[in-house]
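Take a look at the letters that make up each chain.
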Amino acid sequence: MSASMPAPAAPGIELKPVTMFGPDFPYPFDDHVRHPAGLGSIPAERHGTEVVVIGAGISGIVAAYELMKLGLKPVVYESDRIGGRLRSETFKGGDGTIAELGAMRFPPSATTLFHYFDQAGLRTEPFPNPLTPASRSTVIELGGKAHYGRTLADLPPLFHEVAHAWKEVLEEEASFGAMQAAIRDRDVGRIKAIWNELVPVWDERSFYGFIAGSRAFRERSFRHREVFGQVGFGTGGWDTDFPNSMLEILRVVYTNADEDHRQVLGGVEQLPVGLWTKKLDGMVHWPDGTSLKDLHNGMPMPGVARIVREDDGKIAITDRWGNRRSYDAVVVTCQVWLLSARIDCNEQLFSHPMWMAMERTHYMQASKTFVMVDRPFWKEVDPSTGRDRMSMTLSDRLTRGTYLLDQGDDKPGVICLSYTWNDDAMKWLSLPVDERVRLMLHSLAQIYPDLDIRQHIIGHPITVSWESDPNFMGAFKANLPGHYRYQRRLFSHFMQDDLPPEQRGIFLAGDDVSWTAGWAEGAVTTALNAVWGVVRHLSGCSARENPGPGDRFDELAPLALDD
């Protein structure tokens, strides 16, 4: 049930693509990283200066990769493994088949992220979201009744009414068509004019309030709102997001972040690992053929236990084994909760309003469980019904979303038995993997009574609950109503000219610092903000023909609301 409503183009005129350009900070990060002038320069005497990067997820790896290209020496600290929530886990006893435990689907509108896919030489293919050609078919089972279809047109009128109501409310309450046109044209003035009117209206109101208070849904029944929550748009049900600020949802739908998803062939963990191992030529300071891995003698530094300001102004990092080293600049890309819950971080490094913003960050829980099966049996047609034996499945049962991942007819298949968020994810938290699988198979057996999935399972199941991992404590940020001011503080922290000296030189990055948490694009773009901040901190600057995000901040800055 797509949110997109592209305006018809004149004959012979191709519409410009919608990208994740704004709306809060409409800066062209994709053009910035592709510019032949590069991201800037630092004074020659600063070449080789060590800069800490805490966390080797995609934000940390991109920051380190770009800092290395500028002639600095990134020193990456990592508490677990390279990749963060770009985690491709291999099935034990398998043939290299993987399960994507974190991010697994990526919108083409994430053009900065796709730049790094190209850098790492990765290929993508369509992801089997509901009612898309890649999924072949979809079953939506609600209230014990299953509906089979290949497109929305195959579903009963109720689903069409819900889809139309969603499109109507976006247009009436959020100027959807005008905003998408402005994003396509990268019309900064128009984007900001629309968005700056919406921010104070919708910051303190929830997603459910947006739906329930709209004319389009008020004129229809509660059942319509219920079905929308369970089926949603793009990737499936969104009722677990109902408590969140409506601004979070608008950022997703405006930028097509929930449409036309791609998956990475061979697993997305190849991206951070590929950038870590990629040998580059033509860099400042470093010899041809140098990689991040080379600068670290093969492995990142251990996880960070303590961060303090030294008397000489440098920032001291103590690792988990008690080793202490001092640095001129630090980029922190881990979840910001860890700075108070897992890392002994000197309180004076951040202002009290910044600590408030970090502590108020709201993380979504997320759980996935995968099994490997002998073959993609779901493509077989049941002769009695003429339908696929199994389909991508949305349900109001415990499983919520079940995805079928096809590697080819001659290879094992993968089933994501369940992908759930928030309260639905918490239902699985205390259960071991075998119990999770048993309950999920029981739920699916009610939808597919003539199909025994168990007979196809091979290898060992894989599961994850991100909220139980002490290195993450949640899957991704999702602002609650009233959190806009906090998010602005986090995002804008890389602009440090107005900070006192004791708070400079430590930069926040990562998807929870971004406006688009839950999407790797936000992790990447905030890494580029931090790179600009480090360059500025070390007396460097951007190329005149390629001004960085900080150079244009005053022009493009997110709306500041009064406290």
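Residues numbered from 1 in each chain as written. Predicted model: local features only at pLDDT ≥ 70, side-chain atom pairs only at ≥ 80, totals over all residues. Heavy atoms only, no water.

Asks: I'd like a rundown of the overall build of the chain, residues and numbers included.
Replies: Of regular secondary structure, the chain possesses 19 helices and 23 strands. Computed over the C-alpha atoms, the radius of gyration of the chain is 24 Å, within 12% of the 24 Å expected from 2.2 N^0.38 for a compact globule of 563 residues. Dimensions of the chain along its principal axes, counting C-alpha atoms only, are 75 × 55 × 50 Å. Across the 563 residues of the chain, 58% fall into the buried class. (Helix = DSSP H or I, 4+ residues; strand = E, 2+ residues; numbered from the N terminus. Rg over C-alpha atoms; globule rule 2.2 N^0.38 Å. Buried < 20%, exposed > 50% of the residue type's maximum accessible area, 1.4 Å probe, protein only.)

Asks: Describe the pairing of strand β7 (residues 145–149), naming the residues involved and giving the relevant values.
Replies: Relative to β7, strand β6 (residues 138–142) is paired through five bridges, and the arrangement is antiparallel. When the bridges of β7 are listed, threonine 138 appears paired with glycine 149. (Pairing = 2+ DSSP bridges.)

Asks: Help me get a handle on helix α3 (residues 111–119), residues and values and all.
Replies: Turning to α3, its buried residues number three or more, namely Thr112, Leu113, Phe114, His115, Tyr116 and Phe117. At its buried positions, α3 is contacted by α1 (29–34), α2 (58–69), β5 (124–126), β8 (262–264), α11 (270–277) and α18 (520–537). At the C-terminal side of α3, glycine 121 shows a positive phi close to 70°. (Contact = heavy atoms within 4.5 Å.)

Asks: With reference to specific residues and values, describe the packing of α3 against α18.
Replies: Look at α3 against α18: their axes get within 8 Å of each other, and the N-to-C directions meet at 85°. The angle between the axes of α3 and α18 places the two elements in the roughly perpendicular class. Taken together, the residues of α18 that come into contact with α3 (itself represented by Thr111, Thr112, Leu113 and Tyr116) are Ala520, Glu521, Val524, Thr525 and Leu528. Of the residues that constitute the contact of α3 with α18, the class distribution is five nonpolar, three polar and one charged. (Axes fitted to C-alpha atoms, helices over the stretch in contact; angles between N-to-C directions. Parallel < 35°, antiparallel > 145°, perpendicular 65-115°, else oblique. Nonpolar A, V, L, I, M, F, W, Y, C, P; charged D, E, K, R; others polar.)

Asks: Which residues make up the nonpolar core, and what values do they have?
Replies: Considering soluble globular proteins, one finds that nonpolar side chains tend to be buried as a cluster. Of all hydrophobic cores here, the largest spans 131 residues; its most connected members are Trp166 and Phe207. Tallying contributions element by element places α18 first for this core, with 10 residues. (Core = buried A, V, L, I, M, F, W, Y, C linked by side-chain atoms within 4.5 Å.)

Asks: Can you break down the pairing of strand β12 (residues 329–332) residue by residue, with the values?
Replies: Going residue by residue along β12, you find Ala329 and Val331 tucked away on one face and Val330 and Val332 tucked away on the opposite face as well. Where strand β1 (residues 50–54) lies against β12, four bridges are found, and the strand directions are parallel. Residue pairing for β12: valine 51 is matched across the bridge by alanine 329. Strand direction decides the pairing type here: β12 and strand β23 (residues 506–508), joined by three bridges, are parallel. Paired with valine 330 across the strands is isoleucine 506, a residue of β23.

Asks: Explain the sheet that holds strand β20 (residues 413–421) to me, using residue names and the numbers behind them.
Replies: Read across the open sheet, the seven strands follow the order β7-β6-β18-β19-β20-β15-β21; overall the sheet is mixed. Edge positions in the open sheet fall to β7 and β21 (457–465), since each of these has one partner strand only. In this sheet, neighbouring strand axes are inclined to one another by 15° on average, regardless of whether the strands run parallel or antiparallel. Pairing analysis gives six bridges linking strand β15 (residues 366–373) to β21, with the strands arranged antiparallel. Across the sheet, residue methionine 372 finds its bridge partner in β21, namely isoleucine 458. Along the sheet, helix α9 (residues 222–231) makes contact with β6 and β18 (392–395), crossing β6 at roughly 135°.

Asks: Please give an account of the environment of phenylalanine 127 that cites residues and values.
Replies: Secondary-structure assignment places phenylalanine 127 in the loop between β5 and β6. When the C-alpha atoms of phenylalanine 127 and glutamate 172 are compared, they prove to be 31 Å apart, with 45 residues separating the residues in sequence.

Asks: Account for the sheet that holds β1, with residues named and values stated.
Replies: The parallel open sheet is built from four strands, whose spatial order is β2-β1-β12-β23. A single partner strand is all that each edge strand has here, and the edge strands are β2 (73–77) and β23. In this sheet, adjacent strand axes meet at a mean angle of 20° when their direction is disregarded.

Asks: Explain helix α16 (residues 433–447) to me, and be specific about the residues and the numbers.
Replies: Across its 15 residues, α16 extends 22 Å between first and last C-alpha, which sits within 8% of the 21 Å expected from 1.5 Å per residue. Among all positions of α16, only Arg436, Val437, Met440, Leu441, Ser443, Leu444 and Ile447 are buried. Buried residues along α16 cover an arc of 160° about the axis, so they all sit on one side. (Expected span 1.5 Å × (residues − 1). Arc of directions from axis to C-beta.)

Asks: Go over the packing of aromatic side chains, please, and point to the residues and values.
Replies: Applying the stated rule across the entire model yields 32 aromatic pairs. The interplanar angle of 85° and the centroid separation of 5.6 Å between the aromatic rings of phenylalanine 106 and phenylalanine 117 together place this pair among those described as edge-to-face. Of this pair, phenylalanine 106 sits in the loop between β4 (98–100) and α3 while phenylalanine 117 is found in helix α3, placing the two residues 11 residues apart along the sequence. Here phenylalanine 106 matches phenylalanine 117 in class, with each residue buried. (Phe/Tyr/Trp six-rings, centres within 6.5 Å; stacked < 30°, edge-to-face > 60°.)

Asks: Before we move on, could you go through the environment of tryptophan 321 and cite the residues and values that matter?
Replies: One can find tryptophan 321 in the loop between β10 (315–319) and β11 (324–327). The class for tryptophan 321 is exposed, based on a relative accessible area of 61%. With 18 residues separating them along the chain, tryptophan 321 and glycine 303 place their C-alpha atoms 8.7 Å apart.

Asks: Give me the lowdown on the side chain of arginine 225, citing residues and values where you can.
Replies: Secondary-structure assignment places arginine 225 in helix α9. Despite its burial, arginine 225 pairs with no opposite charge; the closest candidate is glutamate 226, at 9.6 Å N-O. (Lys, Arg positive; Asp, Glu negative; His and termini not counted. Salt bridge = Lys/Arg side-chain N within 4 Å of Asp/Glu carboxyl O.)

Asks: Give a detailed account of the packing of helix α6 (residues 188–202) against helix α10 (residues 246–254), specifying residues and quantitative values.
Replies: Orientation of α6 relative to α10, taken along the N-to-C sense of each, is 145°, at an axis distance of 9 Å. Contacts between α6 and α10 involve Trp195, Leu198, Val199 and Trp202 from the first element and Met246, Leu247, Leu250, Arg251 and Tyr254 from the second. In terms of residue class, the contact of α6 with α10 is made up of eight nonpolar, no polar and one charged.

Asks: Before we move on, could you go through the pattern of salt bridges and cite the residues and values that matter?
Replies: Applying the stated criterion across every chain yields a total of 42 salt bridges. Two residues, arginine 34 and aspartate 31, come together in a salt bridge whose shortest N-O distance is 3.1 Å. Taken as a pair, arginine 34 and aspartate 31 lie in helix α1 at a separation of three residues, close to a single helical turn. Between aspartate 294 and lysine 279 there is a salt bridge, with its nearest N and O atoms 2.9 Å apart. Taken together, the positions of aspartate 294 in helix α12 (residues 292–295) and lysine 279 in the loop between α11 and α12 put the pair 15 residues apart, joining distant regions of the chain. Of the residues examined, aspartate 294 reaches a relative accessible area of 36% and is grouped as partly exposed. Using a relative accessible area of 51% as the deciding quantity, one classes lysine 279 as exposed. Salt bridges linked by common partners bring Glu168, Glu172, Arg215, Glu219 and Arg220 together as one network.

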